[in-house]
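Below are the chains, spelled out letter by letter.
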Amino acid sequence: MDRVDCNPVLLERTYAQFPLVNRIVSGWRHVYVTLIRPALPRNRSGTILDIGCGGGDITRMLLRWARADGFDVKVLGIDPDARANIFAVRAAANAGIPAEHLEFRRALSSELVASGERFDIVISNHVLHHLGPVEFPEVLSDTESLTGILAIHSDIRRRRSALLLFGLATLPLAGSSFIRRDGLTSIRRSYTPDELRRKVRPGWHVLAPGLYRVIALWRPGAG
Ligand SMILES: C[S@@+](CC[C@H](N)C(=O)[O-])C[C@H]1O[C@@H](n2cnc3c(N)ncnc32)[C@H](O)[C@@H]1O
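(A) View of the overall build of the protein chain. On a plain count of helices and strands, the protein chain comes out with nine helices and seven strands. On C-alpha atoms alone, the protein chain measures out to a radius of gyration of 17 Å, which is about the 17 Å that the 2.2 N^0.38 rule sets for 223 residues. Each principal axis of the C-alpha distribution contributes one length, and for the protein chain these read about 50 × 40 × 30 Å. Taken across its 223 residues, the protein chain has 50% of its residues classed as buried. Of the contacts made within the protein chain by residues no fewer than 6 positions apart, 80% connect residues no fewer than 24 positions apart. Taking the average location of the 30 positive side-chain charges in the protein chain and that of its 22 negative ones, the two points are 7 Å from each other.

Okay, here's the thing in structure tokens:
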């Protein structure tokens, strides 16, 4: 799906199937309840940034949960891929989400750093394993510059049983989108907790919630 010349119908279906897959495998409700909700400011408006937001389903979910909990929060999703941005903008409009609560931009984290933007919470989902050896430390360094309270980069944990289970669970989707093929490639490319610990910049912590997730977490000044 990263190829510019990939089949647009399959790509559209891939974005459309992300919410289902993310809901089953990515554990964001738990991350929201245990890490994000306690960190969001209650006495002023808050901001959340989702880096590499793709079709924006996690971006929309975080907004919905935070507002349901009474937070006055604004969420921004960025992705350098124009097709992801178009899908995310359209999905938000179809869901009737007001633009003052949710925005999607075609951008890299480095562009937000260059324009001096800051957010209370910075997150990403399934982005770390996409990043090459140069991009990885750059995105973490950008995240440090952009984060006021807490940063969470969550990803798949590489393990053999993840490949097996994901392969079996997504058999019904085979051929209808890029979910199965790209998902299996992503699991192969992803990190074990120890690999991620060796890769993150100083000051970052690596968590390994459940059997199939890794999280790189950073709090300004926490060391
Ligand atoms: C597997 S998708 C995940 C999308 C979304 N976060 C989700 O979980 O459904 C990875 C996304 O990361 C984006 N991406 C890749 N490199 C990036 C970078 N350096 N900065 C920001 N986003 C990037 C890609 O364009 C792609 O949309």
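(B) Region of interest: the pairing of strand E7 (residues 213-218). Within E7, six of the six residues are buried, which leaves the element mostly enclosed by the surrounding structure. Of the two faces of E7, both are covered, the one formed by Arg213, Ile215 and Leu217 as well as the one formed by Val214, Ala216 and Trp218. Here strand E6 (residues 205-207) runs beside E7; their pairing, made up of three bridges, is antiparallel. Considered in E7, the bridge of Val206 is made with Ala216. In this structure, the hairpin formed by E6 and E7 is closed by a connection of five residues, where Gly210 is found at a positive phi of approximately 60°.

(C) Highlighting helix H2 (residues 28-39). Regarding H2, the residues found buried are Trp28, Val31, Tyr32, Leu35, Ile36 and Ala39. Taken end-on, H2 shows its buried residues confined to a sector of 130°, consistent with a single buried face. Of the exposed residues in H2, the ones pointing more than 90 degrees away from its buried face are His30 and Pro38. Looking at the buried residues of H2, the elements they touch are helix H3 (57-68), strand E4 (119-125), strand E5 (147-156), E6 and E7.

(D) View of the pattern of salt bridges. Under the counting rule described, the total for this entry stands at 11 salt bridges. The partner of Arg67 in a salt bridge is Asp72, with the nearest N and O atoms 3.9 Å apart. Given the relative accessible area of 30%, Arg67 is considered partly exposed. For Glu103, the salt bridge goes to Lys74, with nearest N and O atoms at 3.9 Å. Of this pair, Glu103 sits in strand E3 (residues 102-105) while Lys74 sits in strand E2 (residues 73-78), placing them 29 residues apart in sequence. When its relative accessible area of 26% is taken as the criterion, Glu103 is described as partly exposed. Lys74 gets classed as partly exposed once you look at its relative accessible area, which sits at 34%. Among the charged side chains, a salt-bridge network with shared partners connects Lys74, Glu103, Arg105 and Glu117.

(E) Spatial organisation of the packing of aromatic side chains. Under the definition given, this model contains three aromatic pairs. Where Phe136 meets Tyr191, the ring centres are 5.8 Å apart and the plane angle is 70°; that geometry is what we call edge-to-face. With a gap of 55 residues between them, Phe136 in helix H6 (residues 135-146) and Tyr191 in the loop between helix H8 (179-189) and helix H9 (193-199) connect regions that are remote in the sequence. When its relative accessible area of 1% is taken as the criterion, Phe136 is described as buried. Here the basic side chain of Arg159 rests over the ring of Tyr212, its NZ or CZ set 5.8 Å away from the ring centre. When the ring centre of Phe136 is taken as origin, the NZ or CZ atom of Lys199, which lies over that ring, is 4.9 Å away.

(F) Region of the structure containing the site of the ligand. Of all residues adjacent to the ligand, which total 17 residues, the nearest are Asn22, Gly52, Asp79, Asn125 and Glu135. Between the ligand and Gly52, the relevant distance is 2.7 Å, taken from a nitrogen atom to a main-chain nitrogen or oxygen of the residue. At a separation of 2.6 Å, an oxygen atom of the ligand approaches a polar side-chain atom of Asn125. Isolated, the ligand exposes 590 Å² of accessible area, and the fraction of that covered by the protein chains is 91%. Among the residues making up the shell around the ligand, the classes are represented as seven nonpolar, six polar and four charged.

Rules and cut-offs
Residues numbered from 1 in each chain as written. Predicted model: local features only at pLDDT ≥ 70, side-chain atom pairs only at ≥ 80, totals over all residues. Heavy atoms only, no water. Helix = DSSP H or I, 4+ residues; strand = E, 2+ residues; numbered from the N terminus. Rg over C-alpha atoms; globule rule 2.2 N^0.38 Å. Buried < 20%, exposed > 50% of the residue type's maximum accessible area, 1.4 Å probe, protein only. Contact = heavy atoms within 4.5 Å. Lys, Arg positive; Asp, Glu negative; His and termini not counted. Charge placed at Lys NZ, Arg CZ, Asp CG, Glu CD. Pairing = 2+ DSSP bridges. Arc of directions from axis to C-beta. Salt bridge = Lys/Arg side-chain N within 4 Å of Asp/Glu carboxyl O. Phe/Tyr/Trp six-rings, centres within 6.5 Å; stacked < 30°, edge-to-face > 60°. Lys NZ or Arg CZ within 6 Å of the ring centre and 35° of its normal. Near = heavy atom within 4 Å. Polar contact = N/O pair within 3.5 Å; in protein donor to acceptor, adjacent residues only side chain to side chain. Areas by Shrake-Rupley, 256 points an atom, 1.4 Å probe, with all protein chains shown as cover. Nonpolar A, V, L, I, M, F, W, Y, C, P; charged D, E, K, R; others polar.

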